[in-house]
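So you can see what is in the structure, the chains are spelled out below.
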Amino acid sequence: SVIASFAMTLAFATLFFLLFMALPAIRAARTSTLQSLELFLVLLNSFAYMGALYTMLWPDYRWPLTLAVLLLSALHLGIARFVRSKKPGEWTASQQLLAGLALTFVTIAIPIRLDGKWITLAFAVEAALLIRMGYRSLAPLLKVAGFILLGIAALRVLFIPLPAEQFLFNERFATFLGVITCMGFVLYSAQQQRSSPDVKFDHSDLTALAGLSVVMNIYALIALSLELWDYFGRSATIGIDRGLAQHLALSVLWTTYATILLVVGMKRQSQLLRWQALILFGAAVLKVFFYDSSFLERFYRILSFFILGIVLMVVSFLYQRKTTRDRLPS
């Protein structure tokens, strides 16, 4: 029958895969090393078997295909544990390649089983865990893979449309929030590892983390801006055109967010946060003066300038106070 023939083909493919995988696995268990030819054999054998599984199981048997891919990941991770490094805590090239294969198969399993926003969230969570593992195990490959995966998740949430019927309580904002939380987890984990004497951060690590901090604030601002834009676009406003109300809401949001960034930046003595706040203040001021005010009636124009002036005065006072405090001798 067709089912018996299908099962026999799958069994033979699995048998051939295990036969070609046996020699590298035994050598790794006995000598704790793998040669370049053996690593190439592992790579070729794994992807050939993955291609055979995909051809036979997709799309009618998604659960068995997902399980098979996860078992492939676990197998490669198990072989990687047998390969030992001469320096404790560091991973050899063989370990990183095997771990990279395990990571690849886990990543492939996510879109096989999940859909839509769950793929994005799964990629973000996996990326955060990989970057944390990369810092703790001194494995650069895991960090690089994690940042690439986090970039994919960030692009997905930005360009793949998701429903947002209710204000804040919707799939789009929840997905943004999940990705932003994973970014924050990466920054928190990196900050923890910097205090460890065994971990050294080079210039590229610090640049990547600074860039991630900026991206996290940009994504938070985008998520909140989209929510306010949709909310005021759907709601009836008093005496103001809906489009103008949307733009005014954005201006208020940007000014408020910039104020929070500045306060946090001064409290933590973070020059990066303060510069982000000042740039955002500049964008909000330019938007109010050259766009929003041109469409407002005289009363609303005076009110908006008055509120913006008060905010800028408070910010200027806080910044001047901090500058004076820094100049005083300790």
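Attention here is on the structure that accompanies the text. Bear in mind that the values here come from a model prediction, so they are computed numbers and not experimental data.

With that out of the way, let us pick up the pattern of salt bridges. Here the structure, examined in full by the defined rule, presents 4 salt bridges. Linking Lys-143 and Asp-205 is a salt bridge whose minimum nitrogen-to-oxygen distance equals 3.5 Å. In this pair, Lys-143 is assigned in helix α6 (residues 140-159) and Asp-205 in helix α8 (residues 203-234), connecting sequence segments 62 residues apart. One salt bridge connects Arg-172 with Asp-230, and the closest N-O pair in it is separated by 2.7 Å. Taken together, the residues Arg-172 in helix α7 (residues 171-194) and Asp-230 in helix α8 connect sequence positions 58 residues apart. A relative accessible area of 22% places Asp-230 in the partly exposed class. Ionic contacts of the salt-bridge type, sharing partners, join the residues Arg-172, Glu-227 and Asp-230 into one network.

With that settled, consider the nonpolar core. Judged by nonpolar contacts, the single largest core of 49 residues is most densely connected at Leu-150, Met-183 and Trp-254. Of all elements in the fold, only α4 (93-113), α5 (117-137), α6, α7, α8, α9 (242-268) and α10 (271-290) reach the threshold of two or more residues within this core. When residues of this core are assigned to their parent elements, the largest contribution, 9 residues, is made by α9. The residues touching Trp-254, leaving out its near neighbours within four places in the chain, are Leu-221, Ser-225, Leu-280, Ala-283, Ala-284 and Lys-287. With 24 residues, the next largest nonpolar core counts Leu-39, Val-42, Tyr-49 and Ala-80 among its residues.

Relative to the helices and strands, Phe-201 is located in the loop between α7 and α8. Given a relative accessible area of 18%, Phe-201 falls into the buried group. Taking C-alpha positions, Phe-201 is 9.2 Å from Ala-190, a pair spaced 11 residues apart along the chain. Those residues in contact with Phe-201, other than ones at most four positions away along the chain, are Tyr-135, Ala-190, Gln-193, Arg-194, Leu-206 and Leu-209.

Before going further, it helps to spend a moment on the packing of α6 against α8. In the contact formed by α6 and α8, the axes pass within 13 Å of each other and the chain directions differ by 15 degrees. As far as their axial angle goes, α8 and α6 are roughly parallel. Along this stretch, α6 crosses α8, giving a crossing that reads as left-handed. Residues Lys-143, Phe-147, Leu-150, Ala-154, Leu-155, Val-157 and Leu-158 of α6 touch α8, and the partners they reach there are Asp-205, Ala-208, Leu-209, Leu-212, Tyr-219 and Ile-222. The class makeup of the residues in the contact of α6 with α8 is 11 nonpolar, no polar and 2 charged.

Another aspect to go through is α6. Residues that lie three or four places apart on an α-helix share one face, since the helix turns once every 3.6 residues. With 20 residues, α6 extends 29 Å from end C-alpha to end C-alpha; this agrees with the ideal 28 Å at 1.5 Å per step. Along α6, the residues that are buried comprise Leu-142, Lys-143, Ala-145, Gly-146, Leu-149, Leu-150, Ala-153, Ala-154, Arg-156 and Val-157.

Helix-helix packing: each pair is described by the crossing angle between the helix axes and the interaxial distance. For the pair α8 and α9, the least separation of the axes is 9 Å and the interaxial angle reads 150 degrees. Relative to α9, α8 is oriented roughly antiparallel. Viewed along their axes, α8 and α9 form a crossing whose handedness is right-handed. The residues of α9 that touch α8, namely those facing Asn-217, Ala-220, Leu-221, Leu-224, Ser-225, Leu-228, Trp-229, Phe-232, Gly-233 and Arg-234, are Arg-242, Ala-245, Gln-246, His-247, Ala-249, Leu-250, Leu-253, Trp-254, Tyr-257 and Leu-261. Of the residues contributing to the contact of α8 with α9, the split by class is 13 nonpolar, 5 polar and 2 charged.

Cut-offs applied
Residues numbered from 1 in each chain as written. Predicted model: local features only at pLDDT ≥ 70, side-chain atom pairs only at ≥ 80, totals over all residues. Heavy atoms only, no water. Salt bridge = Lys/Arg side-chain N within 4 Å of Asp/Glu carboxyl O. Helix = DSSP H or I, 4+ residues; strand = E, 2+ residues; numbered from the N terminus. Buried < 20%, exposed > 50% of the residue type's maximum accessible area, 1.4 Å probe, protein only. Core = buried A, V, L, I, M, F, W, Y, C linked by side-chain atoms within 4.5 Å. Contact = heavy atoms within 4.5 Å. Axes fitted to C-alpha atoms, helices over the stretch in contact; angles between N-to-C directions. Parallel < 35°, antiparallel > 145°, perpendicular 65-115°, else oblique. Left-handed = near helix turned anticlockwise from the far one by under 90°. Nonpolar A, V, L, I, M, F, W, Y, C, P; charged D, E, K, R; others polar. Expected span 1.5 Å × (residues − 1).

The quantities given are spatial measurements derived from coordinates; they are silent on function.
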